[in-house]
Amino acid sequence: MSSSMSSLSEEIQCSVCLDVFTDPVSTPCGHNFCKICLNKCWDNSQTCSCPYCKETFKQRPDLKINTTLRELVGHCKKKSPEKTTEVLCDFCEERKLKALKSCLVCQSSYCETHLEPHLRVTRLKKHKLMDPVSNLEDYICQKHERPLDLFCRDDQTCVCSFCTETDHKNHNTVPIEEESQEKKILLLANTANNVLPVLVEQRNTEKEKAVRVELLTDLIRSIERHQTELLEMMEEQQKAAEKQEQELIEELEQEITELKMRNTELEQLSHTEDHLHLLQIHSSLCSSRNTRNWSEISMKTHESLETLRRALTQLKDTIDEKLTLTELKWMQQYAVDVTLDPDTAHPDLILSDDGKQVRCGDIRQKLPDKPERFDTCVDVLGKEGFSSGRFYFEVQVKGKTDWDLGVARESINRKGQITLSPRDGYWTVWLRNGDEYKACEDPRVSLSLRVKPQRVGVFVDYEEGLVSFYDVESSSHIYSFTAQSFTEKLYPLFSPCPNDGGKNSSPLIITPVRYNK
């Protein structure tokens, strides 16, 4: 017991003053401090941050006393084995021995020897024994001089059996052990309710940090590997260029030497009187030689530079791709199970039995015109809405020439013509005519995509006001709505668009998230 209480005392110590909490308060990040210690830290700093984990808060938090933790501290202080007075036997005459038990009926304390009658005599066996205490009067009813062995729940006080016949007659009384046990359970439950959410949040935060660290580590290793490959290629090209340069210099020096020799011969011939010899060798000396085209050398140098530029561009594209893949892998951990809501589906839409597929039919179905049902635009919403946190889902769009995807707020107008824009409560992208992609901003934003997406991922961070779209297969970013303000539930939105005589008959399919490697 002493060991466990000592261990618990360490857990209820303020990390600033290193003493047991006084008026404990909790920070938004879940750590606890004495109220006066935390206020002193913040009064002496320009920013408000947690002294333990260093998380910084934009505004100074309004500190409230953690009453459950304060009760736990008080309980531990009472139970902690600090300096206590040793209780001695009341019946030892010469050298008093340490008491083993105290009797509430006899109002005396006994050592092992003098306690023996209470363990043997039938009448004394009925007496109430307890661990030895020096303040026995606190456990005795001062009015009736009887043990306080009952608890009055009406007056919230300890009473004796005689009290229940007088002042506390007809009151709700229970054995004091029973009330103590219930109080312990309640205290532990309150402590758990206060501590468990913090522990869960800390565990989730640490799990998310671990995922981010793992993803970033993979990204850094990939970038370093590509950088190494590029440097090796640049070194090889540098060595080849230096070798080529040396060969060109030697070739140029040789050509200059030959030209000087020919020039000397021509000068000598210009003074000769041997006209026959002059005519015989003149044509050979004056004819053009097969000299190197130095303009080609410039072109080859340019080609080398262009090759290097392409390599650098390729590295940048690879890094961008890896960054997007890292983002996507991180977002996929927030995948949710989305099912289509038939009560919102336009009458032209046909939903699969499992609620995972939707396509546009040729015949309008006779369905009740509910307030939540779209009656003009061929749209359908997901069943579950989200009003906080992050969520992610993926949709197969393969084989389609037209579609709309995104999220919409709960209060959107579902009757008549609809304008897809954030102002009207829609955050979507669409495809038209097989190759025209646009983000439905106001005005529309045309999107230039390298490849045609076959599977689209949609990610929402409610608190950050972010809605992002990704091409899952190529791990490339499509578009993001940023700095939005969400104040109500958001629902996944799907439109397979009209089937266009069968050209756009493929369904939109909500697919399970397959985590990218």
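Up top is the structure these notes are about.
All figures in this text were calculated on a predicted structure; none of them were measured in a lab. (Residues numbered from 1 in each chain as written. Predicted model: local features only at pLDDT ≥ 70, side-chain atom pairs only at ≥ 80, totals over all residues. Heavy atoms only, no water.)

Describing helix α2 (residues 35-43)
Logical step 1: Within α2, the full set of buried residues consists of Cys-37, Leu-38 and Trp-42. Down the axis of α2, the smallest arc covering the buried residues is 130°, so these residues share one side. In this structure, α2 carries Ile-36, Lys-40 and Asp-43 as exposed residues pointing more than 90 degrees from its buried face.
Logical step 2: Elements that come into contact with the buried residues of α2 comprise β1 (24-26), β2 (32-34), β3 (48-49) and β4 (56-57). (Buried < 20%, exposed > 50% of the residue type's maximum accessible area, 1.4 Å probe, protein only. Helix = DSSP H or I, 4+ residues; strand = E, 2+ residues; numbered from the N terminus. Arc of directions from axis to C-beta. Contact = heavy atoms within 4.5 Å.)

Notes on the sheet that holds strand β6 (residues 108-110)
Logical step 1: The sheet built from 3 strands is open, its strands ordered β6-β5-β7 with antiparallel pairing. Since the sheet does not close on itself, it has two edges, and those belong to β6 and β7 (129-130), each with one partner.
Logical step 2: Sheet contacts for helix α4 (residues 112-120): β5 (101-103), β6 and β7; angle to β6, the most-contacted strand, approximately 110°. (Pairing = 2+ DSSP bridges. Axes fitted to C-alpha atoms, helices over the stretch in contact; angles between N-to-C directions.)

Let's talk about the pairing of strand β21 (residues 476-481)
Logical step 1: Taken across its 6 residues, β21 has 5 buried, putting it largely inside the fold.
Logical step 2: Pairing geometry for strand β20 (residues 466-471) and β21, over 5 bridges, is antiparallel. When the bridges of β21 are listed, Val-467 appears paired with Phe-481.
Logical step 3: Linking β20 back to β21 in an antiparallel pair, the connection comprises 4 residues, with Ser-475 at a positive phi of about 50°.

Notes on the side chain of Thr-27
Logical step 1: Secondary-structure assignment places Thr-27 in the loop between β1 and β2.
Logical step 2: Note on Thr-27: relative accessible area 5%, which makes it buried.
Logical step 3: Beyond its immediate stretch of four places on either side in the chain, Thr-27 contacts Phe-33, Leu-38, Trp-42, Cys-50 and Phe-57.

Points about the pattern of salt bridges
Where charged atoms from two side chains of opposite charge approach closely, those side chains can pair.
Logical step 1: For the structure shown, the criterion picks out 19 salt bridges.
Logical step 2: Residue Lys-64 is joined to Asp-62 by a salt bridge in which the shortest nitrogen-to-oxygen separation is 3.4 Å. Residues Lys-64 and Asp-62 agree in their burial class; the two are exposed.
Logical step 3: The closest approach of N and O atoms between Glu-116 and Arg-120, which form a salt bridge, is 2.6 Å. (Salt bridge = Lys/Arg side-chain N within 4 Å of Asp/Glu carboxyl O.)

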